[in-house]
Amino acid sequence: MRKYLIRRLLQIIPVLFIITFVVFVLVYKAGDPVALMLPEDASESDRAAMREALGLNEPFLVQYFSFVGDLVKGDFGTSFRSNQEALPLVLERLPATLELAAASMIVAIILAIPLGIYSARKQNTLTDLFITGGSVLGKAMPNFWLGIILILLFAVNVQMFPVSGRGSLMHLVLPAITLGTGIAAEMTRLIRSSMLEIFNQDYIRTAKSKGVSNSVLVYKHAFRNSLIPVVTIMGLQISHLVSGALITETVFAWPGVGQLLIQAVNGRDMAVVQAAVFVIALLVIIVNLLTDLAYRLLDPRIHYS
Amino acid sequence: MSEPLLEVKSLSTHFFTEDGIVPSVRNVSFTVNKGEIVAIVGESGCGKSVTSLSILQLVSKPGRIVGGEILFNGMDLTKMTEREIRKIRGNKISMIFQEPLTSLNPVFTVGNQITETIRLHQAVDKEQAKKLAIELLKTVGMPNPKKQYSSFPHQLSGGMRQRVMIAMALSCNPELLIADEPTTALDVTIQVQVLNLLRKAQRKFDTSVILITHDLGVVAEMADRVIVMYGGEIVEQNDVYNLFKEPKHPYTKGLLNSTPKIHQLEDSLESIEGNVPTPENMPAGCKFNTRCPFAMQKCIENNPDLERKGDGSYIRCWLYEDSEQEKAEAVVSL
Amino acid sequence: MEAESKPVMTLPRVNAGMKTSSHPLKRWTKLLLQSRTGTVGMIIVLGVIFVAVFADLIAPHNPAANNLSNIMQPPAWVAGGSWDFALGTDNLGRDILSRIIVGTRVSLLVGVFSVVLAGLIGLVVGIVAGYYGGWLDNVLMRLVDSFLAIPSILFILVFLSVFEPSITLLIVVIGLTNWVTYARVVRGEVLSIKEREYVKASKSIGTSHRTIMLRHILPNIVSSFIVISALSVATTIILEASLSFLGLGIQPPDVSWGAMLTDGRNYLATNWWVATFPGVAIVITVLGIIFLGDWLRDVLDPRAQVSRKGGGK
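Being a predicted model, the structure only gives us computed values, none of them experimental. (Residues numbered from 1 in each chain as written. Chains lettered and ligands numbered in written order. Predicted model: local features only at pLDDT ≥ 70, side-chain atom pairs only at ≥ 80, totals over all residues.)

1. What to know about the overall build of chain B
Here is step 1 of the chain: Secondary structure summary: chain B contains 13 helices and twelve strands in total.
Here is step 2 of the chain: Its C-alpha atoms give chain B a radius of gyration of 21 Å, within 12% of the compact-globule value 20 Å for 334 residues.
Here is step 3 of the chain: Expressed as a percentage of the 334 residues in chain B, the buried residues total 44%.
Here is step 4 of the chain: When contacts within chain B are restricted to residue pairs at least 6 apart in sequence, long-range pairs at least 24 apart make up 63% of them. (Helix = DSSP H or I, 4+ residues; strand = E, 2+ residues; numbered from the N terminus. Rg over C-alpha atoms; globule rule 2.2 N^0.38 Å. Buried ≥ 20, exposed ≤ 12 C-beta atoms within 10 Å, placed from the backbone. Contact = placed C-beta atoms within 7 Å.)

2. Considerations on the interface of chain B and chain A
Here is step 1 of the chain: Counting residues at the interface gives 23 residues for chain B, matched by 19 residues for chain A.
Here is step 2 of the chain: Those elements that provide at least two residues to the side of chain B that touches chain A are α2 (82-88), β6 (93-96), α3 (100-103) and α4 (110-121) of chain B.
Here is step 3 of the chain: At four residues, the largest contribution of residues to the side of chain B that touches chain A is made by α4 of chain B.
Here is step 4 of the chain: Counted by class, the side of chain B that touches chain A contains nine nonpolar, nine polar and five charged residues. (Nonpolar A, V, L, I, M, F, W, Y, C, P; charged D, E, K, R; others polar.)

3. Details of the UniProt feature "domain: ABC transmembrane type-1" (unreviewed entry) in chain A
Here is step 1 of the chain: UniProt's entry tags residues 94-291 of chain A with the feature "domain: ABC transmembrane type-1" (unreviewed entry), counted in the numbering of this structure.
Here is step 2 of the chain: Secondary structure over residues 94-291 of chain A splits into 85% helix and 0% strand, and the C-alpha atoms at its two ends are 20 Å apart. (UniProt positions renumbered as here; feature names shortened; annotations may be inferred.)

4. Brief notes about the pairing of strand β7 (residues 176-180) of chain B
Residue and element names in this part refer to chain B.
Here is step 1 of the chain: Counting buried residues along β7, five of its five residues qualify, which places the element largely inside the surrounding structure.
Here is step 2 of the chain: Of the two faces of β7, the one holding Leu176, Ile178 and Asp180 and the one holding Leu177 and Ala179 are both buried throughout.
Here is step 3 of the chain: The pairing of β6 with β7 spans four bridges and is parallel. Bridge pairing in β7 links Ile96 to Ala179.
Here is step 4 of the chain: In terms of strand pairing, β7 meets strand β8 (residues 208-213) through five bridges, oriented parallel. (Pairing = 2+ DSSP bridges.)

5. A word on the sheet that holds strand β10 (residues 233-239) of chain B
All names here are of chain B.
Here is step 1 of the chain: With mixed pairing, eight strands are arranged side by side in an open sheet as β6-β7-β8-β3-β9-β10-β12-β11. The open sheet has two free edges, formed respectively by β6 and β11 (307-308), since each of these has just one partner strand.
Here is step 2 of the chain: Both strand β9 (residues 225-230) and β10 contribute to a ladder of six bridges, which runs antiparallel. Each residue of the ladder has a partner; that of Val228, found in β10, is Glu236.

6. What to know about the sheet that holds strand β2 (residues 20-33) of chain B
Residues and elements named next belong to chain B.
Here is step 1 of the chain: Taken in spatial order, the four strands make up an open sheet running β2-β1-β4-β5, and their pairing is antiparallel. Edge positions in the sheet fall to β2 and β5 (75-76), since each has one partner strand and no second.
Here is step 2 of the chain: Pairing geometry for strand β4 (residues 63-72) and β5, over two bridges, is antiparallel. Paired with Leu71 across the bridge in β5 is Asp76.

7. Quick look at the packing of helix α8 (residues 169-199) of chain A against helix α10 (residues 214-251) of chain A
Residue and element names in this part refer to chain A.
Here is step 1 of the chain: Look at α8 against α10: their axes get within 9 Å of each other, and the N-to-C directions meet at 155 degrees. One element, α8, and the other, α10, form an angle in the roughly antiparallel class. Note that α8 runs across α10; the crossing there is right-handed.
Here is step 2 of the chain: Per-class residue counts for the contact of α8 with α10 are 15 nonpolar, nine polar and one charged. (Axes fitted to C-alpha atoms, helices over the stretch in contact; angles between N-to-C directions. Parallel < 35°, antiparallel > 145°, perpendicular 65-115°, else oblique. Left-handed = near helix turned anticlockwise from the far one by under 90°.)

8. As for the interface of chain C and chain A
Buried accessible area, meaning the area lost when the parts come together, often serves as the stated size of an interface.
Here is step 1 of the chain: Taken together, the contacts link 45 residues of chain C with 51 residues of chain A.
Here is step 2 of the chain: For the side of chain C that touches chain A, the secondary-structure elements that each account for two or more residues are α5 (134-149), α6 (152-162), α9 (209-245), α10 (257-265) and α11 (273-300) of chain C.
Here is step 3 of the chain: No other element matches the ten residues that α6 of chain C contributes to the side of chain C that touches chain A.
Here is step 4 of the chain: Of the residues assigned to the side of chain C that touches chain A, the class counts are 31 nonpolar, eleven polar and three charged.

Structural data, given as structure tokens:
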């Protein structure tokens, strides 16, 4: 177990290397950071001074390592929009994003588990067709459009929920449904197909031959096994969750990291872009590690080797 | 003669597939007496597994029992509700399957799976169930049963897993044990151990056993009576001694000839020509006529009935067609 | 990003007519007509392609023309609407139907070309890694794993914060970040094909690596490649629309469905149609592609076919 954890943590290193390298090359080599950081009417001598101050005249590797060194210290630079340190700016937005992500996952789970199981049990009936059809539709619907339609229906036409912002639980409902639906669609599909596969397994027949009731059969014997592939794939779904969160936060003016990142990209506020990208990437890596551990807990056949 | 525990009467089970109806079991009748071991033999696809699954109403979609009765202690299992049959399953009648690895649920411990059966059918609490389960594991010869109680199926060897299956099957002292190819997936040395265990358990609990197998060695070792199936039908039935001494149906003869015998030095091992026809290619008349060395015009036109002979055996073959007089004698001797 | 998964809909069986008909086009049409969702998907996709190609001829109005006398006309079937502007007009009096028709172009362009680019890179990397194996495979796959560990949207956003957005940039950026999925799948296929007897036999008689790759390996991975590509066109169209919606994708005067929604969002309370119809266009297009893609998978991928039939005895 310990050995496995260490190995997994070591695997993070190349990931971090790649992301720092890509960001560095893009921002400092391909782009023109000086132009971004100084006002447009800055003089040539100001530019030269800035270039020197940023160390842009040093050799490539020296620059890269000093860039990484700053990152390790948590120094992502200062947002030139708000004149604040970039990292605290991002971290202060984190709770809002985590709240939204958690609420969406709850929505997704509440929808997907019963629907997936039900449509597997009723395979090839009208209900099954309805549920599978609905999950395809959920997949085809872009997040932002669903968000807008929900606002139109439940905040504008029927004024049940606030249009945007964060605060009460009511504020959370529409964004969580928007972000949760897409994930639920994929999850329903997965649970259905994995349940169908498991219904054909020998151990289900054994359980039946023991006199186990239908509900125990489905919820104990089959569902517990179906969670194994579902959790694995859910780890992959995390990127959908991230891109969905960026958009959903923007649609509902939800004050999270996603909204901040999109604003920073639009305003070319590079320090904030970098800080937000790194924080999100790190978060994703941690969540992936956790799902991997959960997967190992669910499946006793896996050894920590 | 001892009283019958299970009477299968004219059982037919068909599979309703997209390509048409596949009659896997047709008009099968046999009885199992108390304390008796009945073997059902035949090549794969002959309907022996479907027959055994039909007894406990475990045939899964698109399969369905389309006719017949299955009387267990006089009650018809085919007429029972789901709730009623569940009280029989694992309790009065239990099953052991061929592949112990896939037949045990991988995410639950051995102990969990045994106590589940116990607690379903007996009014005991968790602690008592655990005690019973450990006792059962000891009975089936598990070394260190306390420790193995909390191990997962994948941590055990094939033979040990099959012992767990047997422990689970015996957990409620069933009156009938259906063992579907219980040793096929095991190593030869382990096979003997598991068979000995089954025999021991059968004597200890006076359980009746239906043993499904294609291995005639196992049949000779274990069975009291043998049913030979081909193409979804019973073609011959006799007690084990007479069947091996004097097989009648050409298919039974073929089966016996294709098994090597240690006492007879033979130049070559015979085999039955051809393959079991697929359901859609099942011939008219006698199902075995495509492979039978004695096939006659009659065999292609009409399927013979399964007839009871004077010596108590049953045979489905035109070669053994009784004269009217013999038939009458057979009826009298009933 | 998209994990390989089982077919969504239970489609009617499609393998029956495989052998009989002679002409390939005839055979495929027959196969297609056996699947209801596949047929619907094909009709939608062909329709979308037709609209994209002939956008200029079909569009009833100039999509960019402001017409201040016709601001915020509702759709034709709503009181106050007219069939002249069937789906209404936006805040600048531009015809929404015409803008949707022209926007088809951008969606398809970005969807198809970025997938082609990603596919080509992934194909090359996957074949090289799978075929040669060894340290090269190790390095390439570690790279792929690392890219997969981070949502590709983050890379895309860094790109877009550095460069001026344009259609070409979008295609390149999406292509450069999405090739990893292909590399992974292609490598897996190559590894299994490499071990087959006929490839080994071919190698033993001295066939060159290049010939083996082109003659034996490439044709064998084509079908799974087509299937992933089809479905990833759908996700890319959504991605492009999302980026344009965020103001990071297609810029005016180019028309994009995503950007149309950004405009419409501001008038939600009074003029619902501005934001609604571009979204409907996205959903219909994406649904069509998913249906077609699922059908392709059923027809081309023998494994999916087995799992669809179920493993009963």
